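Descriptive structure summary
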Amino acid sequence: MKFSAGCRAPAGRFVMGLCLPALRKAFLFFAFALLLCLEFLPAAGTTLAKTPSDLVKQAREADEASRKLELLDEALKTAPSGRGLLGAIYFERGLAHKEIKDYVAAINDFNICMAHAPGMIQALVEKAECLIELDRLDEASQTLEKVLSVKPGIARSYVLKAIVYEKQGFPAKAEDEYTRALHYNPHSALALEMRAKALLRSGKPRQALADISALARMERHRPEIFRLRASIHVKLKDYAGALEDYAVIESLVGGDETIVKEKAQVFFLADQPRKALKALESYLVHHPSDIEALVLRARAHIMLKNEDQAERLLSDVLAMAPVDAAAHLYLGVVAMRRQQWDHALAALNRSLELNPSLVEGYKERARIFVKLDEPSRAIDDLTSAVDLDPSDGEIYALRGLAKMKRLLFDAAVADFSQALQRLPGDPRILYDRATAQFHRDDHDAALADLNALLAPNSDMARALSLRGVAHYHRGASADARRDLDQAIKADPKDATLWNNRGFFFYKTGEYKAALSDLNKALELDPLYDTARHNLDLVRARIVESNDSAPLRESLGEASLFRQTESVK
């Protein structure tokens, strides 16, 4: 039997007819299943995790505190009653509230956290910090004691205790607590930074420098650390060190506008006004209305003895900003340079009315009071300056000089000693302290300072002369003669040195040599009253020796040197 081609086709269509309905059903089933899956999948950008643990994890990773709180509140809705998880949620809520400075809410969260997880000591530490922020210091202290009774090795707890002591006005106790923190964690950046700042406030810049240098080695990426170290270098008169720190800051932050002005201040202190002026002129091209920079430019001109130019610049500044305290301050300095004391005082008074915290204003006004022979008023101003900046050794040195003017030599020695704690080895201050030691008849102490001063530089004429006088008073006439001779050889144009040796000759009975030296002193300085008085003593002694009559030194023996002059 033969089959034709037409007989196969129907069979093929029959087979296909059976397959197509089955495929349609399968397709519809999978499509329906897919739709169901899509219905229950979250939209793009929504939270994938729904368990409380996952929500806590997401909260920790969130950037905004408000988002953290949303996630944590959602976690609380489904969190089981297990203590551990609830404690973690409330701890994170406390941190989020603390981040937005809602310290009351944060404290409440930390309390609940501790109720659910009593062993979470970190919650107590965070609570203590919030209490400090709210100035609830007694509560903070009690909380920290609880922490340390359980875990005495938490460095941050000691840092917080130190902050409490500082706020309560106990700086020494605060320093002790910072030191304890560093005992438990020598690499605590927080403890190093806080102790450095505390030491600086307590007038201990050298110790502060050690801490901040250790911190700078640990955190080289933080420009604020190098800025703080630069300010400490300035306190210690290490201006090269300060400029090195500013170079580091510039490498970290680039064109920070404040750096130019801060560097200018350092250039002034380093007696480099031209460098300061160059930097300021370049800066003012792009910032012509920057009042602070304009005032600093005027200061540069004052240092360059361009007082007229400085006065014009300051007048322009005050036309733009009539209540700028610094502009009034430097107008006062211009008047001081011209010895216009009334104008200077008026300008400085105005500057301090506008800014009672302007340390330089008190220092400059004190200098005027010393010039006007009003040392008590100078001491008052310098005491105000010390209260504002106890780390500035120069203020103590200036106050020591003012106290010498009032013949308060013990108090002057104390101030010079404070100054030397801040500026160790400063030759000017060592000389001035030696002078005060001499005046209170402590010749051994005076010699100790003078020997320290002359050890690195034996040609300091004033120091040599004063040491000669001290040697004489200790009965070492040969040493006295040697130093007095060497002083005049070092600086033959200094009238004080001729007066001192002339008085030495007078005391040793070498009247002709005394007359010669004292006349030389008056030749160099005709207004030198001490030398004139000593010359009268010598002449009277010569007359006495000729007449064999006793001399009454009713005027007393004059000072051998001028009290407030510094070593040359």
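Residues numbered from 1 in each chain as written. Predicted model: local features only at pLDDT ≥ 70, side-chain atom pairs only at ≥ 80, totals over all residues. Heavy atoms only, no water.

**Thoughts on the overall build of the protein chain**
- A tally of regular secondary structure across the protein chain gives 30 helices and zero strands.
- Contacts in the protein chain between residues at least 24 apart in sequence constitute 50% of all its contacts with a sequence separation of at least 6.
- Accessible surface for the protein chain amounts to roughly 29300 Å². Of this, 54% is attributable to carbon and sulfur atoms. (Helix = DSSP H or I, 4+ residues; strand = E, 2+ residues; numbered from the N terminus. Contact = heavy atoms within 4.5 Å. Areas by Shrake-Rupley, 256 points an atom, 1.4 Å probe, with all protein chains shown as cover.)

**Quick look at helix α6 (residues 121-133)**
- In this model α6 runs 19 Å from its N-terminal to its C-terminal C-alpha over 13 residues, within 8% of the 18 Å that 1.5 Å per residue would give.
- When you tally the buried positions in α6, you get ten out of 13 residues, the bulk of the element.
- The set of residues buried in α6 consists of I121, A123, L124, V125, E126, K127, A128, C130, L131 and I132.
- D135 sits one or two residues past α6 and shows a positive phi near 60°. (Expected span 1.5 Å × (residues − 1). Buried < 20%, exposed > 50% of the residue type's maximum accessible area, 1.4 Å probe, protein only.)

**A look at the side chain of S157**
- Locating S157 in the fold gives a position in helix α8 (residues 155-168).
- Leaving out residues up to four positions away in the same chain, S157 has contacts with V125, L144, V147 and L148.

**Some points on the packing of helix α17 (residues 307-320) against helix α18 (residues 325-337)**
- One can describe the packing of α17 onto α18 by two numbers: an axis separation of 10 Å at closest approach and a directional angle of 155°. With respect to α18, the axis of α17 lies roughly antiparallel. Where α17 crosses over α18, the two elements pack in a sense that is left-handed. Note on element contacts: α18 touches α17 through A327, H328, Y330, L331, V334 and R337, opposite E307, A310, E311, L314, V317 and L318. (Axes fitted to C-alpha atoms, helices over the stretch in contact; angles between N-to-C directions. Parallel < 35°, antiparallel > 145°, perpendicular 65-115°, else oblique. Left-handed = near helix turned anticlockwise from the far one by under 90°.)

**Details of unusual backbone geometry**
- Phi is positive for D135, close to 60°, though the residue is something other than glycine.
- Considering the arrangement of structural elements, one finds D135 in the loop between α6 and α7 (137-150).
- Here K305, not a glycine, exhibits a phi torsion of approximately 65°, which is positive.
- Summarising the element assignment, K305 is placed in the loop between α16 (291-303) and α17.
- A residue is classified by how much of its surface remains accessible, and K305, at 64% relative accessible area, is exposed.

**As for helix α29 (residues 511-524)**
- Between its terminal C-alpha atoms α29 stretches 20 Å, which fits the 20 Å expected from 14 residues at 1.5 Å a residue.
- Among the residues making up α29, those that are buried are A514, D517, L518, A521 and L522. For α29, the angular spread of buried residues about the axis comes to 140°, placing them on one side. The exposed set on the far side of α29, more than 90 degrees from its buried face, consists of K512 and E523. (Arc of directions from axis to C-beta.)

**Quick word on the pattern of salt bridges**
- Taken as a whole and assessed by the stated rule, the structure comprises 54 salt bridges.
- One salt bridge in this structure joins K167 and D135, with 3.2 Å as the shortest N-O distance. You can see K167 sitting in helix α8 and its partner D135 sitting in the loop between α6 and α7, a full 32 residues away along the chain.
- For K167, a relative accessible area of 46% puts it in the partly exposed group.
- A salt bridge links R338 to E311, with the nearest nitrogen and oxygen atoms 3.0 Å apart. (Salt bridge = Lys/Arg side-chain N within 4 Å of Asp/Glu carboxyl O.)

**Here we look at the confidence of the model for the protein chain**
- Summary statistics for the protein chain give a mean pLDDT of 87 and a share of 87% for residues scoring 70 or more.
- A low-confidence stretch, residues 1-49 stays under pLDDT 50, and its non-local contacts, those more than four residues away or across chains, total ten contacts.
- Overall, residues 548-568 carries pLDDT values under 50, and its contacts beyond four positions in sequence, including any with other chains, amount to 68 contacts. (pLDDT = per-residue confidence, 0-100.)

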